[in-house]
Each structure stands twice: as structure tokens, then as C-alpha cells.
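# Survey of secondary and tertiary structure
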Amino acid sequence: MTADNKFKSILTLLPDRPGVYQFVDSAGTILYIGKAKNLKKRVTSYFSKNQSGKTNVLLRKASDIRHIVVDNESDALLLENNLIKKHQPRYNILLKDDKTYPWICIKKEPFPRVFSTRNTIKDGSIYFGPYTSGLMVKTLIDLIRQLYKLRTCTLRLTISNIAACKFKVCLEFHLGNCKAPCVGFQSEQEYNENLQQIKEILRGNISTVMDHLNKLMTQYSRELRYEEAQGVKDKIGILANFRSKSTVVSNKILNVDVFAITHDMDTAYVNYLKVVQGAVIQTYTIELRIRIDEEKESILGFAITEIRQRLSGDSPEIIVPFKPDIQIDKIKYTVPKAGEKLKLLELAERNAIYYKLEQKKKRMEHAPQARTGKNLERLKNDLHMPDVPFHIECFDNSNIMGTNPVAACVVFRNARPSKKEYRHFNIKTVTGPDDFSSMEEVIFRRYKRMIDEKQSLPQLIVVDGGKGQLSSAMKSIDKLELREKITVIGIAKKLEEIYFPGDSVPIYLDKNSISLKIIQQLRNEAHRFGINFHRDKRSSEMIKSDLDLIKGIGPRTKEILLKKLESVEKIKNTPSDELEKIIGHKKAVILLEYFKK
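## Quick notes on the overall build of the chain
Across its full length, the chain holds 20 helices and 20 strands. Scaling as 2.2 N^0.38, a compact globule of 597 residues should have a C-alpha radius of gyration of about 25 Å, whereas the chain reaches 38 Å, well beyond that. Across the 597 residues of the chain, 46% fall into the buried class. Considering only contacts within the chain whose residues lie at least 6 apart along the sequence, 61% involve residues at least 24 apart. When the accessible surface of the chain is totalled, it reaches about 32800 Å², and 51% of it is carbon and sulfur. Charge-centre separation for the chain: the mean point of 101 positive side chains lies 2 Å from the mean point of 73 negative side chains.

As C-alpha cells, this is what we get:
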């Protein structure tokens, strides 16, 4: 693409210096922010070679190019990162920021608290993390509380408040979990020394802390302070046990950051490992959405800057699969070809790939509509249906020896239960245990009403039963002239056989197929719904008592009597004067008259 006339004068004036450039549209909105070792060469390159479709759109929309000159490449990288965060241009890399990861916070306050949080507040507090594992955070917090007796209260422990005796010791002090700095039992100097050791532990410098504690234990022993020396020895043991469980990758690699990158269409995943004293103490992965063509070196450089800024990375050496486009001051980039550093890089690459696969799986789980459409399409093909069954209804009968016969209809829309559309049926025209006739009645009543009310009919009807129930259902379907409009099947429970009208030979779906699982879910839901209705109906029949037959004794009086006397038998044997006290003279007379008869 040749340079447009509107940019020729701008391109000639660009300096051969490091800096940041911005593409801006006619409304003054920043479309894209980039960094460069040489501003003139980088910006001119947009117009001197063929670009992708997205980049061409960016260039067409841009009406101006602005630039900022900086002293070195490192400053350009940091400035680009900060400007992208501030302006969030449409065509820049989009950082998918997961704010749900936990951090460990050392609060900025007198006698600081140490606790886990998922919210970072810019109030001067120190944050360590984020940690991808909540269990790791809990382990670290438990370790810290084992080693150091820190306060957990939110009291404002200023020197003046403590001197004024505004506070009292709490239960944590009595349990031995806190040394009660609130009443002056622990000095601020001792508390802050403990905090310094905690910071070293959270940075991964456990050896430094253990060296300090060993010297302290020796000092206490020389001074014959044996109880205190034992306490320090216990701390050393706890730290040694914790360190033994860390992922040790090398005893030679002391302090490095490792970055690996993998791609997936328009998305890049960058994994970060922090290695201190030969052990991986932190791992973190970010997801970057690529909106225009970006070189992999540029993407990696952006990710390194973002992660090191966010996590306060300070390692002097960074292990990478290839060198980023910009060199950071006082940082050594290493591209390993063999040895332990290559193994570390491969570990980071595996983490990035696992994270990519995990995100893919999550997106699949959170795209139910696409998955549902695919499943219903499969069901349509398996049952040789003319249309996708977005609306399915299933029927089940329920009775015990012909008593209280009922039926249930459940409705699924988009393969999900639509419970507000579920219906119960009391069988009206059938006497005795006749499931076939009951099914015929219910199917006719259901769809006669839907036709009369001009409701949309389902694409699929599932009948819980074999050939007999299906044939009975089809009698009603034929009466209503719906045979050509709705697919009807029956499912027999024993072998999960699928029957079609007019065919005595069933089909068998794969027991692991999604189609069979949908049909089974329908059948089981109809059975559950019908059984519950049948149980409720039987219960209501069984709790009817003699009191319901007495004219003049209403539900309220019946309730009072059963609450007070518990059963009809006790009511019969209750003296008349006591009955009068409970329900009054008039109703007591009605009761006594009835029981005499």
C-alpha cells in the first residue's frame, strides 16, 4: 500500500528515535497505539508493504498520526503499556483481565494485617500475587499464622490509641494467636521485623528467612534463652517442611522470570513462571485478544511489560522462546537451546497450552445455545425428523391398581425443561388400570385444547411406554389429523427401545448418544412429575376423616379439633363440657348428635 497524501508530510517529519506513535481518526479518537525502536522506520512500514484486512481498515479510518519521543526502548515499552491501559484503543491488543484471582495483602496501617483478598485497592498496601490457586493462598496464610502471631482485628492501633488504653485483649490473644499489640504487649519494631520476614517468604526467599532464624536461634542459645530458641527452631522446621513441598526445578537457577506464548486464531496466551532459589514460587497466565496483525515479538513484549508491572517483577534475567521487539533496561533475555533453562521454558509452554485448552472448554460450556442447537440437530437426524425439535413434550401415566389414575405432560424447549408449561391430568373417562385408554384420553385432551387455542404444536411427542401406549396415542393424533404434522415416538424402559408408529421393530440408539440422553431426561422428568402428583392425590384422599362428612363442621373447626385432640377417636371420647370449651355449645351438640348415630 502506498502512502496516502495526507500522511506524506507526517512521515517525512518522524524522527529516527525510539518512541510511541498513535493513529487517530477525524473525531480525535485514538484508534491504535504502538511502540518503536525507530519511529520513522516503524510507521513508514505500514505504507510500504501489503497489510491484512484489519490493518487496512485501521489505515483508512485514521486521519492523523501522532508521536511521542522517549529516551530509550524501555521507556517506549512502558509508555505504550500505560497509554493502552488509559485509552483502550479499538485496534490494540485487548487484555482479558480476570479480576477474580486472589492476592495476599499486607495492609498499609499501624501493625499491618496480612490477609487474602480478591480486590486490590491503591492505598499504599503491598499485594503479592495473583495466585491461580485458592488452596495455595490458604496454605501461605496458614504458614504465616503458624510462624508469626499477627493481629486479625480492624482496630486503629495508633501509638496514641494504645497509650490511651482504648482497647482490651480479645479471644485471639487468649488462644495464643496474637501477641496483643493493641495493649502494648508487642512492640511495633518486633511486629515489623516479623513482617519483613513474611515479605521475604512471599517473594520466595525462604532460605534468607531460614538463615536469619538460624542465627537468631544460635544467639538465644548462647544467652541461655532456651524456650525462645525452641520457638525459633519450630519455625525453621515449619519453613523447611513447606520448602520441601515446593516445585524445585533447579538448584543452580536463583532468580529468573520465564515467559512462554501460544496462539489460537486471534488470541494469544502468555504464561509466566517466577523462579526463586531454584523453585517455582508463582505462575500466572494472561489472555490477549489480537485485533490487527501484530508480530509475535511485539505481543510477547507487551505481555512481559504488563505482567512485570502487575506482579512487581524484578528478576534481572528473563527466559523467553524468542527475543521481544524491545529491549528493557538492565534485563538480560535468554533464549535457551538446552539444559535446565530450556526445561523451564517447556514447563511454561505446557502451562500456556493447558490454559488455552481450559479456556476453550469454558467457552464451550458457556455457549449453551450453540451446543443445544448441535444436540437437537443430532436428535433430528437420529429420529429421521423433518424439523429440528426445539419444542418437545413427553407423557407418562401413573396409578396404583387403578386408583387415582393421573397423567403428566412435561415440556422441553431448546432441550431444557419449561416448567411453567408442565401439566397434570386427572383421568376422567377411564375406570380401572387401563394405561392405553388413559394415554389416548390425555393426548386427545392436550392437543384438542392447543388446536382450539391456536397454540404452536411441538415438533416431537415422546410417550413413556412401548407399542401399546404409542398405538393408543396415535388414535388421538389421527382423530386430530396431526399425524403428518408431529413426530411421535414411544420409549420402552427395559431396553430403552425407541418405537415409531406402524413399525413393530424398535430402533436402538447408542447408550452414550446425546439423543438418547435427551429422550431419557424427558421420560425421567415426566415420571417424576407424574409420581409427585399421584402421591399428593393419594395423600389428600387418605387424610379425609369422618369430620368431613359432618354438616355444620367446617375446615376451621376441624383444624381446631385435630390440633387440640389429635384424632377422631379422641374427639369421640371427649366429654361434652370439654368439647364446648373448645368449639362452643352449638358445634359440640352437632358433633355429639353425629357420633350417637
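## Digging into the sheet that holds strand β1 (residues 19–24)
Spatially, 3 strands are ordered β2-β1-β3 in an open sheet, and the strand pairing comes out antiparallel. In this open sheet, the two strands that pair with only one neighbour each are β2 (30–36) and β3 (64–69). Within this sheet the neighbouring strands show an average axis-to-axis angle of 20 degrees, counted without direction. Sheet topology note: the β1/β2 ladder contains 6 bridges and is antiparallel. Opposite Gly19, over in β2, you have Ala36 as the bridge partner. Where helix α4 (residues 73–87) meets the sheet, it contacts β1, β2 and β3, and its direction lies at approximately 165 degrees from that of β2.

## Concerning the pairing of strand β5 (residues 103–106)
Alternating residues of β5 divide into Trp103 and Cys105 and Ile104 and Ile106, and every residue in both groups is buried. When β5 meets strand β6 (residues 114–117), the two strands line up antiparallel, connected through 4 bridges. Residue pairing in the sheet places Ile104 in a bridge with Ser116 of β6. Looking at chain direction, β5 and strand β7 (residues 126–128) are connected through 3 bridges and run antiparallel. Bridge pairing links Cys105 to Tyr127 in β7.

## Digging into the packing of helix α5 (residues 134–147) against helix α8 (residues 188–202)
Orientation of α5 relative to α8, taken along the N-to-C sense of each, is 150 degrees, at an axis distance of 11 Å. In terms of orientation, α5 lies roughly antiparallel with respect to α8. Both α5 and α8 take part in a crossing whose hand is right-handed. Counting all contacts with α5, which are made through Leu140, Leu143, Ile144 and Leu147, the residues of α8 involved are Ile198, Ile201 and Leu202. Across the contact of α5 with α8, the residue classes break down as 7 nonpolar, no polar and no charged.

## Let's talk about the sheet that holds β5
If you walk across this open sheet you meet the 3 strands as β6-β5-β7, and the pairing is antiparallel. Either end of the sheet is taken by a strand with one partner, and the two such strands are β6 and β7. The mean angle between the axes of side-by-side strands here comes to 30 degrees, regardless of whether they run parallel or antiparallel. Set on the sheet, α5 makes contact with β5 and β6; between it and β6 the angle comes to about 170 degrees.

## Topic: the pairing of strand β10 (residues 267–276)
Extensive coverage of β10 is indicated by the burial of 10 of its 10 residues. What you see with β10 is no split at all: Thr267, Tyr269, Asn271, Leu273 and Val275 on one side and Ala268, Val270, Tyr272, Lys274 and Val276 on the other are buried throughout. Relative to β10, strand β9 (residues 255–264) runs antiparallel, the two being bridged by 10 bridges. Bridge pairing in β10 links Ala260 to Asn271. Remark: 2 residues form the turn of the hairpin made by β9 and β10, two consecutive strands paired antiparallel; Met265 in that turn has positive phi of roughly 55 degrees. Across 10 bridges, the pairing between β10 and strand β11 (residues 279–289) is antiparallel. Paired with Asn271 across the bridge in β11 is Thr285. Between the antiparallel neighbours β10 and β11 lie 2 residues, among them Gln277 with a positive phi of about 55 degrees.

## Digging into the side chain of Glu306
Mapped onto the elements of the fold, Glu306 is located in helix α11 (residues 296–310). If sequence neighbours within four positions are ignored, Glu306 has contacts with Asn81, Lys85 and Leu95.

## Structural notes on helix α9 (residues 206–222)
Helix length check: α9, at 17 residues, gives a terminal C-alpha distance of 24 Å against a target of 24 Å (1.5 Å per residue), a fit within 8%. Turning to α9, its buried residues number three or more, namely Ile206, Ser207, Val209, Met210, Leu213, Leu216, Met217 and Tyr220. Once α9 ends, the next one or two residues include Leu224, with phi positive near 60 degrees.

Cut-off values and rules
- Every chain begins its residue count from 1, and numbering advances along the sequence as written.
- With pLDDT at 70 or above as the cut-off, local features in this predicted model cover only qualifying residues; side-chain atom pairs require 80 or more to be listed or tallied, and sums for whole chains, interfaces and linings still use all residues.
- Calculated side-chain values reflect all of the structure's heavy atoms, with hydrogen atoms and water omitted.
- Each helix is a run of DSSP H or I of at least 4 residues and each strand a run of E of at least 2, with the numbering of both proceeding from the N terminus.
- Within these notes, the globule rule equals 2.2 Å times the number of residues to the 0.38 power, and the radius of gyration is based on C-alpha atoms.
- Type-normalised accessible area, obtained with a 1.4 Å probe on protein chains alone, sets the label of each residue: buried when under 20%, exposed when over 50%, and partly exposed for intermediate values.
- Residue contacts follow a heavy-atom distance rule, with two residues in contact if any of their heavy atoms lie within 4.5 Å.
- Areas reported here follow the Shrake-Rupley algorithm with a probe of radius 1.4 Å; residue values treat only the protein chains shown as occluding.
- In this tally, Asp and Glu contribute negative charge and Lys and Arg positive charge; neither His nor the terminal groups of the chain are included.
- Positions of charges follow a simple convention, taking NZ of Lys, CZ of Arg, CG of Asp or CD of Glu.
- At least two DSSP bridges between two strands are needed for those strands to be called paired.
- A fitted line through C-alpha atoms represents every axis, and for helices the fit uses only the stretch in contact; the resulting angles, taken between N-to-C directions, go from 0 to 180 degrees.
- Oblique is the label for any angle not under 35 degrees, not over 145, and not in the 65 to 115 range, which are roughly parallel, roughly antiparallel and roughly perpendicular in turn.
- Handedness of a crossing is defined here by the sense of rotation of the near helix relative to the far one, left-handed for an anticlockwise turn of less than a right angle and right-handed for a clockwise turn.
- The classification used treats Ala, Val, Leu, Ile, Met, Phe, Trp, Tyr, Cys and Pro as nonpolar, Asp, Glu, Lys and Arg as charged, and all other residues, Gly among them, as polar.
- Multiply 1.5 Å by the residue count of a helix minus one, and that product is the helix's expected span.

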